[in-house]
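Secondary and tertiary structure notes
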Amino acid sequence: MKYNQLVNVGENFQYSVNLQFDINNISKIKEYIPTKDGCEILKFYFNSVINSKNRATTLIGPYGKGKSHLLLVLITLLENYSEEDKDDIDNFIEKVRVVDEELYELINKVRSDKIRLMPVIINSNYDDLNQAFLLALTEALERENFNDI
């Protein structure tokens, strides 16, 4: 028997994550596999959200390590996601519980306290940082239906 008859790669695992294009794509959250290292990073970010300090950080790692995917998970858990995505979010959080009970508790605290953040994703294709930030802010406000601000 050949390996390809026993094991195959899911189609969803072949594509990289792009924060700008994959935001609100719940299938990317379902694909994320929580690991100890990933949970440690998420714990850091959730603690900073709860304590309202140390919010400015830099996440550095080699290409393909999963930085964008991890941040997409974080963004999704901090956003006001739709009711239709609630079951998928709950399933993901249960996966986290198996790996890290403390992170599980932090996520539930953020959810029960209804702490929400609006992600502003800056595209690096602009030479002028002010222009890039203003465009990203406009896109974020439109995405969250705050067009009149």
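A brief look at the structure comes next. (Residues numbered from 1 in each chain as written. Predicted model: local features only at pLDDT ≥ 70, side-chain atom pairs only at ≥ 80, totals over all residues. Heavy atoms only, no water.)

Below, the discussion takes up the overall build of the protein chain. Along the backbone of the protein chain there are eight helices and zero strands. Going from the N terminus to the C terminus, the protein chain shows its helices and strands as α-α-α-α-α-α-α-α. Considering only C-alpha atoms, the protein chain reaches an extent of 60 × 35 × 30 Å along its principal axes. Taken across its 149 residues, the protein chain has 32% of its residues classed as buried. Sequence separation of 24 or more characterises 63% of the internal contacts of the protein chain that already satisfy a separation of 6 or more. (Helix = DSSP H or I, 4+ residues; strand = E, 2+ residues; numbered from the N terminus. Buried < 20%, exposed > 50% of the residue type's maximum accessible area, 1.4 Å probe, protein only. Contact = heavy atoms within 4.5 Å.)

Our focus in this paragraph is helix α7 (residues 101–112). Look at α7: 16 Å from first C-alpha to last across twelve residues, which is about the 16 Å you get at 1.5 Å a residue. All buried positions along α7 are accounted for by Leu103, Tyr104, Leu106, Ile107, Val110 and Arg111. Within α7, the buried residues cover an arc of 165 degrees as seen down the axis, which keeps them to one side. Turning to α7, the residues buried within the fold contact α4 (36–51), α5 (67–78) and α6 (86–99). (Expected span 1.5 Å × (residues − 1). Arc of directions from axis to C-beta.)

Turning our attention to the packing of aromatic side chains. This structure, assessed with the given rule, holds two aromatic pairs. Plain terms: the ring middles of Phe44 and Tyr45 are 5.5 Å apart, the flat faces sit at 75 degrees to each other, and that makes the pair edge-to-face. (Phe/Tyr/Trp six-rings, centres within 6.5 Å; stacked < 30°, edge-to-face > 60°.)

Further remarks concern the nonpolar core. Of all hydrophobic cores here, the largest spans 29 residues; its most connected members are Phe46, Leu77 and Phe92. At the level of secondary structure, the elements contributing two or more residues to this core comprise α3 (26–31), α4, α5, α6 and α7. Tallying contributions element by element places α5 first for this core, with seven residues. In contact with Leu77, not counting residues within four places along its chain, are Phe46, Ile89, Phe92, Ile93, Ile107 and Arg116. (Core = buried A, V, L, I, M, F, W, Y, C linked by side-chain atoms within 4.5 Å.)

Turning our eyes to something else, we now look at the packing of α4 against α7. At a closest axis distance of 10 Å, the pairing of α4 and α7 adopts a crossing angle of 35 degrees. Handedness of the α4/α7 crossing: left-handed. Within the contact between the two elements, α4 uses Cys39, Leu42, Lys43, Phe46, Asn47 and Ile50 and α7 uses Glu102, Leu103, Leu106, Ile107, Lys109 and Val110. In terms of residue class, the contact of α4 with α7 is made up of eight nonpolar, one polar and three charged. (Axes fitted to C-alpha atoms, helices over the stretch in contact; angles between N-to-C directions. Left-handed = near helix turned anticlockwise from the far one by under 90°. Nonpolar A, V, L, I, M, F, W, Y, C, P; charged D, E, K, R; others polar.)

Moving on to the pattern of salt bridges. By the definition in use, this model includes ten salt bridges. Here Arg143 and Glu79 are joined by a salt bridge, their closest N and O atoms 3.9 Å apart. In this pair, Arg143 sits in helix α8 (residues 129–143) while Glu79 sits in the loop between α5 and α6, placing the two residues 64 residues apart along the sequence. A salt bridge links Lys109 to Asp113; the shortest N-O distance between them is 2.7 Å. One salt-bridge network, in which partners are shared between bridges, spans Glu40, Lys43, Asp100 and Glu102. (Salt bridge = Lys/Arg side-chain N within 4 Å of Asp/Glu carboxyl O.)

A few words now on α4. Given a rise of 1.5 Å per residue, 16 residues ought to cover 22 Å, and the 22 Å separating the end C-alpha atoms of α4 matches this to within 8%. If you check which residues of α4 are buried, you get Gly38, Cys39, Leu42, Lys43, Tyr45, Phe46, Ser48 and Val49. For α4, the elements touching its buried residues are α5, α6 and α7. Positive phi appears at Ser52, one or two residues downstream of α4, with a value of about 55 degrees.

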